[in-house]
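A closer look at the structure
Residue strings, one per chain:
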Amino acid sequence: GNGLDIFDEVFNEPFFTKKENKLMKTDVREKDGNYVLDIDLPGYNKEDIKIDLTDGYLTVTAKREEHKEENEHHGNYIHKERFFGECSRSYYAGENVKEEDIKARELLQELKGKEDVTVDGKHIKLYANIGGVKDVASVLANDAAGIGLFRSEFLYLEADNYPDEEAQFQAYKTVAENMAGKKVIVRTLDIGADKQVDYFNLDHEENPAMGYRAIRICLDRRDIFRTQLRALLRASAYGNIGIMYPMIISVDEVKEIKKIVESIKAELTEKGIEYGEVEQGIMIETPAAVMISDLLAKEVDFFSIGTNDLTQYTLAIDRQNEALDAFYNPHHEAILRMIRMVIDNGHKENCWVGICGELGSDTALTKQFIEMGIDEL
Ligand code: PEP
Ligand code: MG
């Protein structure tokens, strides 16, 4: 096998992920020729996790006591997992990996350090999505040109109470500094719907995906929003931070947000606290935002298309409902036309356009996106 390195890959799988606390190889110990887990994993009994690495095949078997359903954020998608007592997964870790897989990996490695440019000379920003400070190492190791989506809600999901300005400032500053001048686009709080945080005390909703979430909460509970924006602006003095707002449906929302940002900048200036130049953008993840993207483009520096939610709202398919998986088709012509429309409308107003939803990494569509004129993937 490849030694303990395999655990980093395996434990990045959603199956073993708990609220972004990914297990790493340092959590695994060799004992009498076997591997054992050295830490507590919520929801599992340590003794019930069996790790076996034989002839290059790693099999992990875990038993959970409760039978429940969970949604996890993982990388740039939400993973739905149902636990039914005992689960088992096998991973191939051995020497007999397919020749073409090794070649493809090596080819990707060769591209590190090179410019993100197409053969006919178009520059594309290849950015990564992250969920927290600890993901930055992998962004740098894989030579991403920047971070296109920092899902800031994990700072809230991991805490027992509202993270204060200082805690947030430290997190954003650390990411900005480590990225050393490369762009870091932080999305403001996108809580609600699939991402529930107890201390927010949100009412139960019949239809949370269309409910009290994201920018709606922020524009309603201004104290929370202002705290985050102050932390972000302060951190912008330490790197190249961009701020983006989720779930936008109107020009008024954007104007209101910009007013709030301006008032915080004035506050900081008055107190002699530094902040940098920040690009401001919005997520295009509602059909409303697509349809008025010509107007929205006049207000912001960039658009980032959130194809995960855009697909859900356009096709009227709950992205959380596994029974609809066969119908959830982000390649739907309606989605592709919307993306084209957003790019065209953005460019007319000098607003750059990227994709931060999962579709951005769908190589089956990369060529098409480039032909459409996408600026960032
Ligand atoms: C999206 O909706 O495409 C997106 C990137 O945001 P999230 O998946 O966090 O809702
Ligand atoms: Mg979204």
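A quick note: this is a predicted structure, and the numbers were derived from the prediction, not measured.

To continue, consider the coordination of the magnesium ion (ligand 2). Looking at the metal site, the magnesium ion (ligand 2) is ligated by Glu-285 (OE) and Asp-309 (OD), spaced 2.1 to 2.2 Å from it. Of the two residues, Glu-285 is situated in the loop between strand S12 (279-284) and helix H9 (287-291) and Asp-309 in helix H11 (residues 307-315); the sequence distance between them amounts to 24 residues. Across this residue pair, the class does not change: Glu-285 and Asp-309 are buried.

A positive phi angle is found at Ala-180, which is not glycine, with a value near 45°. Residue position: Ala-180 is located in the loop between helix H5 (165-178) and strand S10 (183-187).

Side-chain alternation along strand S13 (residues 302-305) places Phe-302 and Ser-304 on one buried face and Phe-303 and Ile-305 on a second face that is also buried. For S12 and S13, the ladder comprises 4 bridges, and the chain directions are parallel. Counterpart to Ile-282 in the pairing with S13 is Phe-303.

A word on H11. For H11, the buried fraction is high: 8 of the 9 residues fall into the buried class. For H11, the full list of buried residues reads Thr-307, Asn-308, Asp-309, Leu-310, Thr-311, Gln-312, Tyr-313 and Leu-315. Looking at the buried positions of H11, the neighbouring elements they touch are strand S9 (146-151), S12, H9, S13, helix H12 (333-348) and strand S14 (352-355). Phi turns positive one or two residues past the end of H11, at Ala-316, with a value near 55°.

Put simply, helix H7 (residues 222-235) and helix H8 (residues 251-270) touch, their axes get as near as 10 Å, and they point 60° apart. For the element pair H7 / H8, the angle class is oblique. Relative to H8, the crossing made by H7 is right-handed. Within the contact between the two elements, H7 uses Arg-222, Phe-225, Arg-226, Leu-229, Arg-230, Leu-233 and Arg-234 and H8 uses Glu-256, Ile-257, Ile-260, Val-261, Ser-263, Ile-264, Lys-265, Glu-267 and Leu-268. Here the residues of the contact of H7 with H8 sort into 8 nonpolar, 1 polar and 7 charged.

Moving on, we get to the site of ligand 1. Lining the immediate surroundings of ligand 1 are 15 residues, of which Arg-151, Arg-187, Gly-306, Asn-308 and Arg-319 lie closest. In this structure, an oxygen atom belonging to ligand 1 sits 3.4 Å away from a side-chain N or O atom of Lys-195. For ligand 1, whose accessible area on its own is 290 Å², the fraction buried by protein is 100%. With 3 residues, the single largest contributor to the shell around ligand 1 is H11.

So, about the packing of H12 against helix H13 (residues 363-372). At a minimum axis distance of 10 Å, the contact between H12 and H13 shows a crossing angle of 35°. H12 and H13 meet at a crossing whose hand is right-handed. Counted together, Leu-336, Ile-339, Arg-340 and Ile-343 of H12 and Leu-365, Gln-368, Phe-369 and Met-372 of H13 form the full contact between these two elements. Of the residues assigned to the contact of H12 with H13, the class counts are 6 nonpolar, 1 polar and 1 charged.

Okay, the packing of aromatic side chains next. Within this structure, the stated rule accounts for 8 aromatic pairs. Relative to Phe-200, the ring of Tyr-199 has its centre 5.4 Å away and its plane inclined at 35°; by these criteria the two rings are tilted. Here the two residues Tyr-199 and Phe-200 agree in accessibility, since each one is buried. When the ring of Phe-225 is compared with that of Tyr-245, the centres are 6.2 Å apart and the planes differ by 80°; the resulting orientation is edge-to-face. Remark: Tyr-245 occurs in strand S11 (residues 240-245) and Phe-225 occurs in helix H7; sequence separation between them is 20 residues. Assessed through its relative accessible area of 0%, Phe-225 is described here as buried. Among the residues examined, Tyr-245 registers a relative accessible area of 2% and is labelled buried.

With that out of the way, let us pick up the pattern of salt bridges. A full pass over the atoms with the stated rule returns 24 salt bridges. When the shortest N-O distance is used, the salt bridge between Glu-279 and Lys-183 registers 3.1 Å. Here the residue Glu-279 occupies a position in strand S12, and Lys-183 occupies one in strand S10, the gap between them amounting to 96 residues. A relative accessible area of 23% means that Glu-279 is categorised as partly exposed. Given the relative accessible area of 12%, Lys-183 is considered buried. When the shortest N-O distance is used, the salt bridge between Arg-187 and Asp-190 registers 3.4 Å. Taken individually, Arg-187 and Asp-190 each receive the classification buried, so the pair is uniform in this respect. When salt bridges with common partners are traced through the structure, they connect Glu-153, Arg-187, Asp-190, Lys-195, Arg-213, Asp-309 and Arg-319 into a single cluster.

Definitions and cut-offs
Residues numbered from 1 in each chain as written. Chains lettered and ligands numbered in written order. Predicted model: local features only at pLDDT ≥ 70, side-chain atom pairs only at ≥ 80, totals over all residues. Heavy atoms only, no water. Donors = N, O, S within 2.8 Å, 3.2 Å for Na, K, Ca; no water. Helix = DSSP H or I, 4+ residues; strand = E, 2+ residues; numbered from the N terminus. Buried < 20%, exposed > 50% of the residue type's maximum accessible area, 1.4 Å probe, protein only. Pairing = 2+ DSSP bridges. Contact = heavy atoms within 4.5 Å. Axes fitted to C-alpha atoms, helices over the stretch in contact; angles between N-to-C directions. Parallel < 35°, antiparallel > 145°, perpendicular 65-115°, else oblique. Left-handed = near helix turned anticlockwise from the far one by under 90°. Nonpolar A, V, L, I, M, F, W, Y, C, P; charged D, E, K, R; others polar. Near = heavy atom within 4 Å. Polar contact = N/O pair within 3.5 Å; in protein donor to acceptor, adjacent residues only side chain to side chain. Areas by Shrake-Rupley, 256 points an atom, 1.4 Å probe, with all protein chains shown as cover. Phe/Tyr/Trp six-rings, centres within 6.5 Å; stacked < 30°, edge-to-face > 60°. Salt bridge = Lys/Arg side-chain N within 4 Å of Asp/Glu carboxyl O.

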